[in-house]
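# Structure assessment
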Amino acid sequence: MEPDKETPETVQARLDILRKGIVSEENSVNYYQTLIEKTPEDTDANIGVRRMYSDLMFEEKKHVERFRELISEWEQRLKEF
């Protein structure tokens, strides 16, 4: 096999990793959401903490979206075989 050549097996392997990765990213989104919910808004410090968790959750949501895009792209490539 040529090192740069894709086969149905290499594409499927990529998809397997992407599907595992998106689960991890979705778990991170849920984790930050839980932290936000468990952090009261009773002090300025906690408000800052909640905002940071929210910022981090937003970043993880962007990762989830990117994983979805990649999965879609690689699924399309698999169909082309």
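Refer to the structure above for everything that follows.
Residues numbered from 1 in each chain as written. Predicted model: local features only at pLDDT ≥ 70, side-chain atom pairs only at ≥ 80, totals over all residues. Heavy atoms only, no water.

## Quick word on the nonpolar core
Let me state the cut-off plainly: Only buried residues count toward a nonpolar core, which is a set of Ala, Val, Leu, Ile, Met, Phe, Trp, Tyr and Cys residues joined through side-chain atoms within 4.5 Å. Under the scheme applied here, a residue whose accessible area is under 20% of the maximum for its type counts as buried, over 50% as exposed, and between as partly exposed, the area being computed with a 1.4 Å probe on protein chains only. Secondary structure elements follow DSSP: runs of H or I of four or more residues count as helices, runs of E of two or more count as strands, with numbering from the N terminus.
The biggest cluster of nonpolar side chains holds 13 residues, and the ones touching the most others in it are Leu-15, Leu-18, Ile-22, Met-57, Ile-71 and Trp-74. Those elements that provide at least two residues to this core are helix H1 (8-38) and helix H2 (44-79). With eight residues, the top contributor of residues to this core is H1.

## Considerations on the pattern of salt bridges
Note the cut-off: The working definition used for a salt bridge is a side-chain nitrogen of Lys or Arg within 4 Å of a carboxyl oxygen of Asp or Glu.
Inspection of every chain in the model, using the stated rule, returns eight salt bridges. When the shortest N-O distance is used, the salt bridge between Arg-14 and Glu-6 registers 2.8 Å. Taking relative accessible area as the criterion, Arg-14 reaches 38% and is therefore assigned partly exposed. The residue Arg-68 makes a salt bridge to Glu-65 at a minimum N-O spacing of 4.0 Å. With Arg-68 and Glu-65 both in helix H2, this residue pair falls three residues apart, about one helical turn. Taking relative accessible area as the criterion, Arg-68 reaches 43% and is therefore assigned partly exposed. The class of Glu-65 is partly exposed, set by a relative accessible area of 39%.

## Here we look at the packing of aromatic side chains
Our working definition: Pairs were defined over the aromatic rings of Phe, Tyr and Trp, the Trp ring being its six-membered one, requiring ring centres within 6.5 Å. Orientation was assigned from the angle between planes: stacked under 30 degrees, edge-to-face over 60, tilted for the rest.
Taken as a whole and judged by the stated rule, the model has two aromatic pairs. Pairing Tyr-32 with Tyr-53 gives two aromatic rings, centres 6.3 Å apart and planes at 35°, and the pair type is tilted. In this pair, Tyr-32 is assigned in helix H1 and Tyr-53 in helix H2, connecting sequence segments 21 residues apart. The buried category is assigned to Tyr-32, whose relative accessible area is 16%. Here the aromatic residues Tyr-31, Tyr-32 and Tyr-53 are joined through ring pairs into a cluster of three or more.

## Considering the side chain of Glu-6
Just so we agree on the cut-off: N or O atoms within 3.5 Å of each other form a polar contact, as long as, within protein, one can give a hydrogen and the other can take it, and as long as residues adjacent in sequence are counted only when both atoms are side-chain atoms.
For Glu-6, the position within the fold is in the segment before H1. Its relative accessible area of 18% is what places Glu-6 among the buried residues. Only 2.5 Å separates the side chain of Glu-6 from the side chain of Thr-10, close enough to count as a polar contact. Within the structure, the side chain of Glu-6 is placed 2.8 Å from the side chain of Arg-14, a separation counted as a polar contact.

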